[in-house]
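What follows is each chain in one-letter form.
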Amino acid sequence: MRIFTRYILREVTSYAVLGGVLFTFMLFMRNLGDIVALVVRGSASLMDVLRIFAYLLPSFLIMTIPMAVLVGILLGLSRLAADSEITAMRASGVGVFQFIRIISILALTALVGSLFNSLYLAPKSAAATLALQDSLKSTQASFEVQPRVFYEDFRNYVLFIQDVKPASGAALWRHVFLADLTQPANPNITTADEAVVVSNDPQSIRLHLVNGGQHQTSPTDPNQYNISTFASTDLPIQTGVQEDSHLGRSNTPILALPLSNLWRLGHSPDNTVPGVRANVYRIEFHRRLSYPFACIVLMLIGVPLGLSSKRGGKSTGFVLTIALVFIYYFLSQIGIAFAKNGKLSPFFGVWGANLLFAAFGLALLYQMSHSGIALGLISSVGTGLNKLLNRILRDRQSASNGNFNIATALRRFRSTFHIQFPLLLDDYIMRSYASNFALILLSFSSVFLIFTFFELIGDIIRNRTALITVGDYLINLIPYILYNVTPLCALVAVLITFGALNRSSELTAMKATGTSLYRIVTPVLVTTLLIAISLFAFDELYLPTANRRQEALRSVIKDKPAQTFLRPDRKWISGQAGPSGSSTRIFYYQFFDATKNVFANLTVFEFDPETFALKRRIFAASAHWNDRIDQWVFENGWQRTFEGETIASYQPFTITAFPDIHEQPSYFVKEDRPAQEMSYNELSHYISDLNQSGFDTKRLSVQLNRKIAYPLITLVMAILAVPFALSMGKRGSLAGIATAIGLAIAYWVVDGLFQAMGNVNTLPAALAAWTPDLLFGIAGTYLLLRTST
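Note that the coordinates shown come from a computational prediction; the quantities given were computed from them, not determined experimentally.

Helix and strand counts for the protein chain come out as 20 helices and 12 strands. With 789 residues in all, the protein chain has 51% of them scored as buried. Once local pairs closer than 6 in sequence are excluded, the contacts in the protein chain between residues at least 24 apart make up 69%. Accessible surface, the protein chain as shown: approximately 35200 Å² in total, 60% of it carbon and sulfur.

This paragraph deals with helix H7 (residues 278–307). Between the first and last C-alpha of H7 there are 44 Å, a value that for 30 residues agrees with the 44 Å anticipated at 1.5 Å per step. The largest bend along H7 measures about 35° and falls at Ala-294. Among the 30 residues that make up H7, 26 are buried, leaving the element largely enclosed by the rest of the structure.

Turning to the pattern of salt bridges, a few remarks are in order. Applying the stated criterion to the full structure yields 11 salt bridges. A salt bridge links Asp-539 to Lys-707, with the shortest nitrogen-to-oxygen separation between them at 3.1 Å. Taken as a pair, Asp-539 in helix H15 (residues 517–541) and Lys-707 in helix H18 (residues 698–727) lie far apart in primary sequence, 168 residues in all. Each member of the pair, Asp-539 together with Lys-707, is buried. Among the charged side chains, a network of salt bridges with common partners joins Arg-585, Glu-606, Arg-616, Asp-660 and Glu-663.

This part covers the packing of H15 against H18. How two helices sit against one another is set out by the angle between their axes and by the gap between those axes. At a minimum axis distance of 8 Å, the contact between H15 and H18 shows a crossing angle of 155°. With respect to H18, the axis of H15 lies roughly antiparallel. The two elements H15 and H18 meet at a crossing, and its hand is right-handed. Across the interface between the two elements, Leu-517, Val-521, Leu-525, Thr-528, Leu-529, Ile-531, Ala-532, Leu-535, Phe-536 and Asp-539 of H15 pack against Lys-707, Ile-708, Pro-711, Leu-712, Thr-714, Leu-715, Ala-718, Ile-719, Val-722 and Leu-726 of H18.

Here we come to the pairing of strand E12 (residues 646–657). Bridge count between strand E11 (residues 631–643) and E12: 10 bridges; the pairing is antiparallel. The partner of Gly-637 across the bridge, within E12, is Phe-653. Linking E11 back to E12 in an antiparallel pair, the connection comprises 2 residues, with Gly-644 at a positive phi of about 65°.

Turning our attention to the environment of Gly-20. Tracing the sequence through the fold places Gly-20 in helix H1 (residues 2–41). Look at Gly-20 and you get buried, because its relative accessible area is 14%. Discounting residues that sit within four places of it in the chain, Gly-20 has contacts with Thr-64 and Ala-68.

Another aspect to go through is the nonpolar core. If you look at the biggest cluster of nonpolar residues, it comprises 112 residues, and the most contacted ones within it are Tyr-328, Phe-444, Phe-451, Leu-488, Val-494 and Phe-498. Among the elements that make up this core, the one with the highest residue count is helix H13 (residues 467–503) (18 residues).

Taken together, the side chains of Leu-344, Phe-347, Phe-348 and Leu-355 define a hydrophobic patch exposed on the protein surface, amounting to about 360 Å² of accessible area. Structurally, Leu-344 is set in the loop between helix H8 (313–340) and helix H9 (346–369). Owing to a relative accessible area of 34%, Leu-344 belongs among the partly exposed residues under this scheme.

Our focus in this paragraph is the environment of Pro-222. Among the structural elements, Pro-222 can be located in the loop between strand E4 (204–217) and strand E5 (225–238). Classification of Pro-222 by relative accessible area gives partly exposed; the value is 40%. Residues Pro-222 and Trp-638, spaced 416 residues apart in sequence, show a C-alpha to C-alpha distance of 8.1 Å. Excluding residues within four positions of it along the chain, Pro-222 makes contact with Trp-638, Arg-640 and Tyr-650.

The geometry of H18 relative to helix H20 (residues 765–786) is characterised by a closest axis approach of 8 Å and an angle of 10° between their N-to-C directions. Classified by the angle between their axes, H18 and H20 sit roughly parallel to one another. Class assignment of the residues belonging to the contact of H18 with H20 gives a composition of 20 nonpolar, 5 polar and 2 charged.

Okay, the packing of aromatic side chains next. Under the definition given, this model contains 29 aromatic pairs. A ring pair is formed by Trp-572 and Phe-605, whose centres lie 6.4 Å apart and whose planes are at 15°; its orientation type is stacked. Here the residue Trp-572 occupies a position in strand E6 (residues 572–574), and Phe-605 occupies one in strand E9 (residues 598–607), the gap between them amounting to 33 residues. Members of the aromatic cluster, joined through ring pairs, are Phe-177, Trp-572, Tyr-588, Phe-605, Phe-607 and Phe-612. Over the ring of Trp-638 we find Arg-640, and its NZ or CZ is 4.5 Å from the ring centre.

The predicted model of the protein chain averages 77 in pLDDT, with 77% of residues at 70 or higher. By mean pLDDT, helix H10 (residues 374–396) is the weakest element of the protein chain at 54, and E11 is the strongest at 92. Considering only residues more than four positions removed or in separate chains, one finds that residues 396–404, a stretch of pLDDT under 50, has 10 contacts. The model gives residues 561–569 a pLDDT under 50, and that stretch makes 15 contacts with residues more than four places away or in other chains.

In this section: unusual backbone geometry. Phi at Asn-601 is positive, roughly 50°, even though this residue is not glycine. Relative to the helices and strands, Asn-601 is located in strand E9. Asn-601 gets classed as partly exposed once you look at its relative accessible area, which sits at 27%. Phi is positive for Phe-612, close to 60°, though the residue is something other than glycine. Mapped onto the fold, Phe-612 is located in the loop between E9 and strand E10 (614–626). What makes Phe-612 buried here is its relative accessible area of 1%.

What counts and what doesn't
- Starting from 1, residues in each chain are numbered consecutively following that chain's sequence as written.
- Totals for whole chains, interfaces and linings use all residues, but because this is a predicted model, local features are given only for residues with pLDDT of at least 70 and pairs of side-chain atoms are given and counted only at 80 or more.
- Calculation of side-chain values draws on the structure's entire complement of heavy atoms; hydrogens and water are dropped beforehand.
- Numbering of helices and strands starts at the N terminus; helices are DSSP runs of H or I of at least 4 residues and strands are runs of E of at least 2.
- Burial classes: relative accessible area under 20% of the type maximum marks a residue as buried, over 50% as exposed, and values in between as partly exposed (1.4 Å probe, protein chains only).
- Should any heavy atoms of two residues lie within 4.5 Å, those residues are considered in contact.
- Here the open area of atoms and residues is found with the Shrake-Rupley method and a 1.4 Å probe, where only the protein chains shown may cover a residue.
- The span one expects for a helix is its residue count, reduced by one, times 1.5 Å.
- The angle between axes fitted to the seven-residue stretch ending at a residue and the seven-residue stretch beginning at it gives the bend at that residue.
- Between Lys or Arg on one side and Asp or Glu on the other, a salt bridge is scored when a side-chain nitrogen of the former is within 4 Å of a carboxyl oxygen of the latter.
- Every axis corresponds to a line fitted to the C-alpha atoms, with the helix fit spanning only the stretch in contact, and the corresponding angles, defined between N-to-C directions, vary from 0 to 180 degrees.
- Small angles under 35 degrees read as roughly parallel and large ones over 145 as roughly antiparallel, with 65 to 115 read as roughly perpendicular and the rest as oblique.
- Two helices cross in a left-handed way if the nearer one is turned anticlockwise from the farther one by less than a right angle. They cross in a right-handed way if the turn is clockwise.
- Between any two strands, at least two bridges found by DSSP are needed for them to pair.
- In these notes, a set of buried Ala, Val, Leu, Ile, Met, Phe, Trp, Tyr and Cys residues joined through side-chain atoms within 4.5 Å is what counts as a nonpolar core.
- Within the patch definition used here, like charges are joined within 9 Å and nonpolar side chains (Val, Leu, Ile, Met, Phe, Trp, Tyr) within 5 Å, considering only residues with over 30% relative accessible area and no salt bridge.
- Residue classes follow a fixed rule: Ala, Val, Leu, Ile, Met, Phe, Trp, Tyr, Cys and Pro count as nonpolar, while Asp, Glu, Lys and Arg count as charged, and any other residue, Gly among them, counts as polar.
- Stacked, tilted and edge-to-face pairs are distinguished by plane angle, under 30 degrees for stacked and over 60 for edge-to-face with tilted covering the rest, among Phe, Tyr and Trp rings (Trp via its six-membered ring) whose centres lie within 6.5 Å.
- In this scheme, the term charge over a ring applies when either NZ of a lysine or CZ of an arginine sits within 6 Å of the ring centre and within 35 degrees of the ring normal.
- A score between 0 and 100, pLDDT records how confident the predictor is in each residue.

So this is what it looks like as structure tokens:
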């Protein structure tokens, strides 16, 4: 019996570990780019980044440990059942409850680890995240500011600089424009030739300004205007809340509370925390206990279903895993939402999914021990879904007009141009690769959809979003998911395809006929190249429209105000660039009607291009565009010109025009659209339009280059996967998936690192986007050339 125990535990544990790593990696992918950016900006040390990863891990493990237990049980037992090993074990006297006893060793171990994580590590990491987030605020602020970009994250200030130079422990800014918006209608202005920026404390930074001046106006009397100049001065600025730290979540303070504090606040009649009901603390208290016990609950369902999967094998186990994980967390999130709304008690709201699954699992065990038919019907569902999936994959290999697929197209191409490709062997390899790729793509997309649905289920219930809206959102989200997971799916498909050929000795047989390894991998590389080209075309023709649609639907689900892509409410914009390439004019306004081309409370600042001293300031209560004279007409305002510390002239006006202000109305209508919502040409024109308007285009320039580089990484991943697949020998698809996870983690870290370097202008945009492709392509080519042919 000890041999059976060790053998079964080894099988299910290996799949559980692999599943846990895979699910945790998927959750980490969402934060990876922001974390790597901290290193590139220099606002966090490598040790800080490692601490961030460590602090995020416990919050992910709360969900992924129970999922790992379920996937380990279902895949492990399904594999044993498919090879008739379960039948042999039961024939030798191993009963259902003996399987439960063996598997419970894994489940109880996971329960203890999950309880330790949920009750101790997760609160500690949430508290540490808050402390680290506060310590990085001021450091991030000094490094986030980019030249010729308006920075609005300082409290009551807007900053504009024309050049920035990083320095050790500080930053050096040149040609500084700082607007104090304590009184938004009458901002006080500070200009300086340069500024040295140092961190003051976690909540502020200190600017050491050199050779500048300050301009103050009266909110009640436009005739009052004060100017003062300085050779040097110090100015502390509060950093406020930085938007892109992304280290925690909005409910992190509650997550950081110890269990004893949650119990006290949840049951204290004098709960004095403003805006937080006692139910929230009770829900969090029960949630920390319920998810760990899901390891036991999911085991009760996983064991009978895994034992009854006789023909489907691991694919059936994976289908059942996806379905059960979705159902469990769906019920759990619904219960929590009902508990928050007061429709269920916190106990039943949080523990309801566990109770239902436990009852269902015990019923399955009873049916199995009494040879009932219910379990057979349920297990047949997984096999039926597996057969349906395989049928769909076979059907999708042919188009509506006959059996038209990639291999058929290539054969017609060969016959037309008399090219010896593809041959029968090529067709066989391509079919195997295409089937694996489609199955993996469907599986990964399903996992991402489930995680997304988990995130939104609370908003769906709270805002009573119609199911048709949710379905429409998920349908429009699928193209975005397919685009992002395709390179990873190609990597896994190559590993599994060649791993299977190697394990069954088919690869050896092919080589024995005199076929070179390079000729064997050619059909896979050709197919992957076609996939990469299709990915670029997909991004050009369809994906931007789908992304715009899904973003709009996500706003509806979250009950956000309706959003438009046009931003007529931008308050700051720099003027058109002069001959030197720098703008010497800044516009500030409180309202702009783009349909009528009318400004309200418009201020124009003009600067000396050499010293950046303020030379002229114009204010108008309103301004409109006159098509007849092709100029802006300013109404009810004043104009001041300056000479050092003195006002050279002051001219009130009722109505006037300034011919030297030549920016057209279209210049002030800037389209604020993410890069993923534009095609390559649209993004290129968008960057050109924004470059001279004071908006940050570095990130967009990197994304422009990635629109070509990212689809090509699909081919690079396929090249890299071939030597790894051949080096695995006969270890099977499990080793292939583990290798794929390692390579994918390496790629996403490198890609995030170089993207962040491009975003802060440490590297040119083209180099930042293409370097990951070059590095992994060179590595893959080198390993492939060194592989025995």
